[in-house]
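Take a look at the letters that make up each chain.
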Amino acid sequence: NAGVMQNPRHLVRRRGQEARLRCSPMKGHSHVYWYRQLPEEGLKFMVYLQKENIIDESGMPKERFSAEFPKEGPSILRIQQVVRGDSAAYFCASSSGHQETQYFGPGTRLLVL
Amino acid sequence: DQQVKQNSPSLSVQEGRISILNCDYTNSMFDYFLWYKKYPAEGPTFLISISSIKDKNEDGRFTVFLNKSAKHLSLHIVPSQPGDSAVYFCAAIQGGSEKLVFGKGTKLTVNP
């Protein structure tokens, strides 16, 4: 009965490098959401995906950030050319359908040096 | 533009007493509200939710109250236990959307 899995749990990158964050939803869940938490802030919605489709990316920064949820394999949040301001905790959540409860993974803590 | 506000960054209560965590919202289109609990270095854990058609939902020691006219909800924990010490996030969602909008959280400390 595995929950939402995220890896890596911690990621250190230097400015200009790429960061790839992975999320495997709970078994039976086909809806994936990414949220970002900056220090001392609440979680902020980034993107909502279903298999092979981006449904809502209204919270994604316009540049350098992309997300995918392929037919096979985990969902990936990709940040190109990272900057110090990208340092944050990135949480993935999954649900079984529209308007169903979202269950969160343990997060990936990204530190940009 | 904070649509969901948790005005108390922290709350300290004695074990066995009631903990009351408050949350206010500004968007009248929100129709579903959730509380999540978060321990350090872990993801948020779903606790309890309430639909806007109800004014109360209870699950064991946890009760959520919703006052739509005041755009206010609260989470009551009774009796409080030391294991309840965590950060509690209020979240809201608008009909037709899948976007959870979170408050900044309230850190609850339950003292033995």
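Shown above is the structure to which this text applies.
The rules behind each value
Residues numbered from 1 in each chain as written. Chains lettered and ligands numbered in written order. Predicted model: local features only at pLDDT ≥ 70, side-chain atom pairs only at ≥ 80, totals over all residues. Heavy atoms only, no water. Helix = DSSP H or I, 4+ residues; strand = E, 2+ residues; numbered from the N terminus. Contact = heavy atoms within 4.5 Å. Pairing = 2+ DSSP bridges. Buried < 20%, exposed > 50% of the residue type's maximum accessible area, 1.4 Å probe, protein only. Buried area = accessible area lost by both parts, 1.4 Å probe. Salt bridge = Lys/Arg side-chain N within 4 Å of Asp/Glu carboxyl O. Polar contact = N/O pair within 3.5 Å; in protein donor to acceptor, adjacent residues only side chain to side chain.

Participant: Could you give an account of the side chain of B:Ser74, naming the residues involved and the relevant values?
Facilitator: Examined against the element boundaries, B:Ser74 turns out to sit in strand β8 (residues 72–77). Among all residues touching B:Ser74, those that are not within four sequence positions of it are B:Ile20, B:Leu21, B:Asn22, B:Trp35, B:Thr63, B:Val64 and B:Phe65.

Participant: Please provide a residue-by-residue account of the sheet that holds strand β3 (residues 19–25) of chain B, values included.
Facilitator: Pairing between the strands of a sheet comes from backbone hydrogen bonds, and it takes one of two forms, parallel or antiparallel. Residue and element names in this part refer to chain B. Ordered in space as β1-β3-β8-β7-β6, the five strands form an open sheet in which the pairing is antiparallel. Edge positions in the sheet fall to β1 (4–5) and β6 (56–59), since each of these pairs with one other strand and no more. Pairing between β3 and β8: six bridges, direction antiparallel. By the bridge assignment, Leu 21 is partnered in β8 with Leu 75.

Participant: Account for unusual backbone geometry, naming residues and giving values.
Facilitator: A cis geometry characterises the amide bond from A:Asn7 onward to A:Pro8, with omega recorded as 0°. Looking at the secondary structure, you find A:Pro8 in the loop between β1 (5–7) and β2 (10–13). Across the junction of B:Val78 and B:Pro79, the peptide omega takes the value -10°, indicating a cis bond. For B:Ala41, which is not glycine, the phi dihedral falls at a positive 65°. Relative to the assigned elements, B:Ala41 resides in the loop between β4 (30–38) and β5 (45–51). Residue class for B:Ala41 comes out partly exposed when judged on its relative accessible area of 43%. One non-glycine residue, B:Lys71, lies in positive phi territory at about 50°. As for its position among the elements, B:Lys71 is in the loop between β7 (62–67) and β8. Given a relative accessible area of 27%, B:Lys71 falls into the partly exposed group.

Participant: Describe the interface of chain A and chain B, with residues and values.
Facilitator: The partner chain B presents 19 residues to the 23 residues of chain A that form the contact. Of all residues in chain A, A:Leu43, A:Gln99 and A:Phe104 bury the most surface against chain B, accounting for 31% of the area lost on that side. The tally of links between chain A and chain B comes to one salt bridge. Of the charged contacts in the structure, one is a salt bridge between B:Lys104 and A:Glu41, with a shortest N-O distance of 3.6 Å. Applying the counting criterion to the chain A and chain B interface returns six residue pairs in polar contact (both at pLDDT 80 or more). When contributions to the side of chain A that touches chain B are tallied by element, the ones reaching two or more residues are β4 (31–37), β5 (43–50) and β10 (103–104) of chain A.

Participant: Residue-level account of the environment of B:Ser85, with values.
Facilitator: All names here are of chain B. Relative to the assigned elements, Ser 85 resides in the loop between β8 and β9 (86–94). Among the residues examined, Ser 85 registers a relative accessible area of 24% and is labelled partly exposed. The spatial distance from the C-alpha of Ser 85 to the C-alpha of Lys 107 is 7.5 Å, given a sequence separation of 22 residues. The residues touching Ser 85, leaving out its near neighbours within four places in the chain, are Tyr 39, Leu 108, Thr 109 and Val 110.

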